[in-house]
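Inside the fold
Here are the chains, one letter per residue:
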Amino acid sequence: RAAIIIAGGGNDPKNKTLWDTTEAITNSVYNMLFERGFENDEIYYLSSKSWVDFNGDGNQDRVVDAPQPERPLQVEDIEAALGWAKQRGKLDQPLYLFFVDHGSNEKFLLGHNATNGSEIMMDASQFKGFLDNYTATNNQTVAVIDACSSGALAEKLSHSSSRAIISSNQGSGKAFFYEVAKQGFSRFLADALLAGKNFAEAFEEAHQEQTKILPKITASKGEDIRQEPQLNDGSDGKWLRSLFVNGNFPRNNPVAIKN
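What counts and what doesn't
In this convention, every chain numbers its residues from 1, walking through the sequence in written order. The predicted nature of this model means local features are confined to residues of pLDDT at least 70 and side-chain atom pairs, given and counted, to a pLDDT of 80 or more, with totals for whole chains, interfaces and linings taken over all residues. Heavy atoms throughout the structure, all of them, feed into the side-chain values; hydrogens and water do not. Under the DSSP-based scheme used, a helix requires at least four consecutive residues in state H or I and a strand at least two consecutive residues in state E, with every element numbered from the N terminus. Think of a polar contact as two N or O atoms within 3.5 Å of one another; within protein, one of them needs to be a possible hydrogen donor and the other a possible acceptor, and neighboring residues in sequence only count if both atoms come from side chains. Throughout, a residue-residue contact means that at least one pair of heavy atoms, one from each residue, lies within 4.5 Å. Pairing of aromatic side chains here covers Phe, Tyr and the six-membered ring of Trp, requires ring centres within 6.5 Å, and sorts the geometry by plane angle: under 30 degrees stacked, over 60 edge-to-face, intermediate tilted. The rule for a charge over a ring is simple: NZ of Lys or CZ of Arg within 6 Å of the ring centre, and within 35 degrees of the ring normal. Working definition: with a 1.4 Å probe on protein chains only, accessible area under 20% of the residue-type maximum means buried, over 50% means exposed, and in between means partly exposed. Pairs of strands are assigned from DSSP output, requiring at least two bridges between the strands. Working convention: axes come from line fits to C-alpha atoms, limited for helices to the stretch in contact. Angles between N-to-C directions cover 0 to 180 degrees. Working definition: roughly parallel below 35 degrees, roughly antiparallel above 145 degrees, roughly perpendicular at 65 to 115 degrees, and oblique for all remaining angles. Helix crossings fall into two classes, left-handed where the near helix is turned counterclockwise from the far one by less than a right angle and right-handed where it is turned clockwise. Here the nonpolar group is Ala, Val, Leu, Ile, Met, Phe, Trp, Tyr, Cys and Pro; Asp, Glu, Lys and Arg are the charged ones; every other residue, Gly included, is treated as polar. Per-residue confidence from the predictor is given as pLDDT, running between 0 and 100.

**Describing unusual backbone geometry**
A cis amide bond, omega -5 degrees, links Ala-66 with the succeeding residue Pro-67. Counting through the fold element by element, Pro-67 comes out in the loop between strand E3 (64-66) and helix H2 (75-87). The step from Gln-68 to Pro-69 runs through a cis peptide bond, and the omega angle for that step is -5 degrees. Positionally, Pro-69 belongs in the loop between E3 and H2. With a phi close to 60 degrees, Ser-149 is a non-glycine residue in the positive phi region. If you trace the backbone, Ser-149 turns up in the loop between strand E7 (141-147) and helix H4 (150-157).

**Regarding the side chain of Ser-150**
Locating Ser-150 in the fold gives a position in helix H4. There is a polar contact of 3.1 Å between the side chain of Ser-150 and the backbone oxygen of Ala-147. When near neighbours in sequence (up to four residues on either side) are disregarded, Ser-150 contacts Ile-145, Ser-167, Ser-168, Asn-169, Gly-171 and Gly-173.

**A few points about the packing of aromatic side chains**
Within this structure, the stated rule accounts for nine aromatic pairs. Among the aromatic residues, those joined into a ring-pair cluster are Tyr-30, Phe-34, Tyr-45 and Phe-54. In this structure, Arg-36 is placed above the aromatic ring of Phe-249, and the distance from its NZ or CZ to the ring centre is 3.7 Å.

**Looking at helix H5 (residues 185-194)**
Most of H5 sits out of view: eight of its 10 residues are buried. Of all the residues in H5, the buried ones are Phe-185, Ser-186, Phe-188, Leu-189, Ala-190, Ala-192, Leu-193 and Leu-194. Buried residues in H5 make contact with helix H1 (16-35), strand E4 (95-103), E7, strand E8 (163-167) and helix H6 (199-221). Backbone geometry just after H5 places Gly-196 at a positive phi near 105 degrees.

**Observations concerning the pairing of strand E2 (residues 43-46)**
Note on strand geometry: in a regular strand, side chains alternate between the two faces of the sheet. Of the two faces of E2, both are covered, the one formed by Ile-43 and Tyr-45 as well as the one formed by Tyr-44 and Leu-46. Inspection of the sheet shows strand E1 (residues 3-7) paired to E2 by four bridges, in the parallel sense. What sits directly across from Ile-5, in E2, is Tyr-45. The pairing of E2 with E3 spans two bridges and is classified as parallel. Its bridge partner lying in E3, Leu-46 is registered against Ala-66.

**Side note on the packing of helix H3 (residues 124-134) against H4**
One way to put it is that H3 packs onto H4 with a least axis distance of 9 Å and a crossing angle of 45 degrees. Taken together, the axes of H3 and H4 lie oblique to each other. Two packed elements cross with a definite hand, and for H3 against H4 that hand is right-handed. Residues Ala-124, Phe-127, Lys-128 and Leu-131 of H3 touch H4, and the partners they reach there are Leu-153, Lys-156 and Leu-157. For the contact of H3 with H4, the residue count by class is five nonpolar, no polar and two charged.

**Side note on the environment of Tyr-96**
Position of Tyr-96 relative to the elements: it lies in strand E4. Along the backbone, Tyr-96 and Ala-143 are 47 residues apart, and their C-alpha atoms lie at a distance of 6.1 Å. When sequence neighbours within four positions are dropped, the list of residues in contact with Tyr-96 reads Ala-2, Ala-3, Ile-4, Leu-33, Phe-38, Val-142, Phe-199, Leu-243, Phe-244, Val-245 and Asn-246.

**Quick word on the confidence of the model for the chain**
A residue-level look at the chain finds 97% of positions with pLDDT of 70 or above and a mean pLDDT of 91. Between residues 253-259, whose pLDDT stays under 50, and residues either more than four places distant or in other chains, the model counts 11 contacts.

**A word on the environment of Ala-147**
The topology assignment puts Ala-147 in strand E7. Along the sequence, Ala-147 and Asp-53 sit 94 residues apart, while their C-alpha atoms lie 23 Å from each other. If near-sequence neighbours (up to four positions away) are discounted, Ala-147 is found in contact with Phe-99, Asp-101, His-102, Gly-103, Ser-168 and Ala-175.

Next comes the structure, spelled out in structure tokens:
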């Protein structure tokens, strides 16, 4: 098994309005994988903040893999994460990859330079190159992109029927978090996967739940908010309808978890 979680945007003043929600969402993704039977060494967690309490017990869980010591994310960190996944060899299920925070038509925002505050960006073509290099393993990949312009980014990451892309909006549309409750599309997706739903079912539920919170976001921002998540697995959803994280079992009957 292998999964990569990328908390983008950065834990710095220029991303303060989104970081707390980003962190809460990526922590919920980690918790979902853990409760679905993944061990810590099977999850590669990238975050500019090394202190993480994913299970809410108030303790440092020491689950962030890079960068160490903590600093803003760099493109090389993403490449290293995919390199780690490649070294794991043949998997029994797809590589799961989650990216949460900022995006544009051509780029992912990883963070801000600590010295001058400039943006640290990763081109979609670079990310696609890292993913394409990973295909040498012959493993499938499911990538979830929860960011503005995620639909446009997803189009640039498409490869073949071995790579499914789930984006939190279509085209160049914005992606929205409900910061009051620290909710967003990929958190709803993680919650549904945790409950034992397959990826297609989880996508549909996350879409519905995201739609429910949009009026609250509209009220807070004073503008009409719309968001249409997209799913593309090369088979009209048939592949993802048969795919469950670590097997088809309900949350109240988990597999054994090892530390």
